[in-house]
Amino acid sequence: MSLRKKPWNRISQPVYSVCSQDPRHGFNMNICTYVTAVSLHPKRFIVAVYEGTRTLENLQQDPHFVLQLLAEDQYPLVRLLGKQSGRFVSKPARLGNRHPLCTWNGFSCLAQSLALIELRALAQWPGGDHRLFFCEVLAYRNLRDGRELQTGDLRARGIITA
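Asks: Just checking my understanding: could you explain the pattern of salt bridges for this structure?
Replies: Close approach of charged atoms allows side chains of opposite charge to pair. According to the stated counting rule, one finds five salt bridges in the structure shown. Between Asp73 and Arg144 there is a salt bridge whose closest N-O contact spans 2.7 Å. Placement of Asp73 in the loop between strand E5 (64-69) and helix H2 (77-81) and of Arg144 in the loop between strand E9 (130-142) and helix H4 (151-156) is noted, with a sequence separation of 71 residues between them. With a shortest N-O distance of 2.9 Å, Asp153 and Arg147 are connected by a salt bridge. The exposure class of Asp153 is buried, given its relative accessible area of 15%. Owing to a relative accessible area of 34%, Arg147 belongs among the partly exposed residues under this scheme. When salt bridges that share partners are traced, they join Glu72, Arg147 and Asp153 into one network.

Here it is in structure tokens:
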């Protein structure tokens, strides 16, 4: 019943994956659901990245990254990209052939994503257990049609409980 949920868990949010890079370790991907567009012209986003992650380390070294809008059928990726740490698991190796990659603007991206958005952080702030990145859009590309993966889909499959 939705009356038992906290108000912010009643709505379903799109699920993204952040693709960041580090010259020593290559690329890393992480799940990100705290994302919002905050300006039309120029197009800007705020992206919240969980503290203590390899993705956060990468973005603090190089604030240039790609936000990948995941498709509804990509829900299995959440267990790898969101529930395992890039500090202990090679996510690129685990993606293997089941989740093909493409190269776009110098980044290794999930080829089956709905869309890719290239971002550069202009500023960042602490935000509790996440760090907030205020970003400008550098480029974008739509890859395929389809419905976006949402947090409600993850709740329905028991992948998340919030």
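Asks: What exactly am I supposed to notice about the packing of aromatic side chains here?
Replies: Under the criterion given, the structure shown has one aromatic pair. Taking 6.4 Å as the distance between ring centres and 50 degrees as the angle between the ring planes, the aromatic pair formed by Trp125 and Phe134 counts as tilted. Taking the relative accessible area as the measure of exposure, Trp125 reaches 41% and is therefore partly exposed. Over the face of the ring belonging to Tyr75 we find Arg157, whose NZ or CZ atom lies 3.6 Å from the ring centre.

Cut-offs and rules
Residues numbered from 1 in each chain as written. Predicted model: local features only at pLDDT ≥ 70, side-chain atom pairs only at ≥ 80, totals over all residues. Heavy atoms only, no water. Salt bridge = Lys/Arg side-chain N within 4 Å of Asp/Glu carboxyl O. Helix = DSSP H or I, 4+ residues; strand = E, 2+ residues; numbered from the N terminus. Buried < 20%, exposed > 50% of the residue type's maximum accessible area, 1.4 Å probe, protein only. Phe/Tyr/Trp six-rings, centres within 6.5 Å; stacked < 30°, edge-to-face > 60°. Lys NZ or Arg CZ within 6 Å of the ring centre and 35° of its normal.

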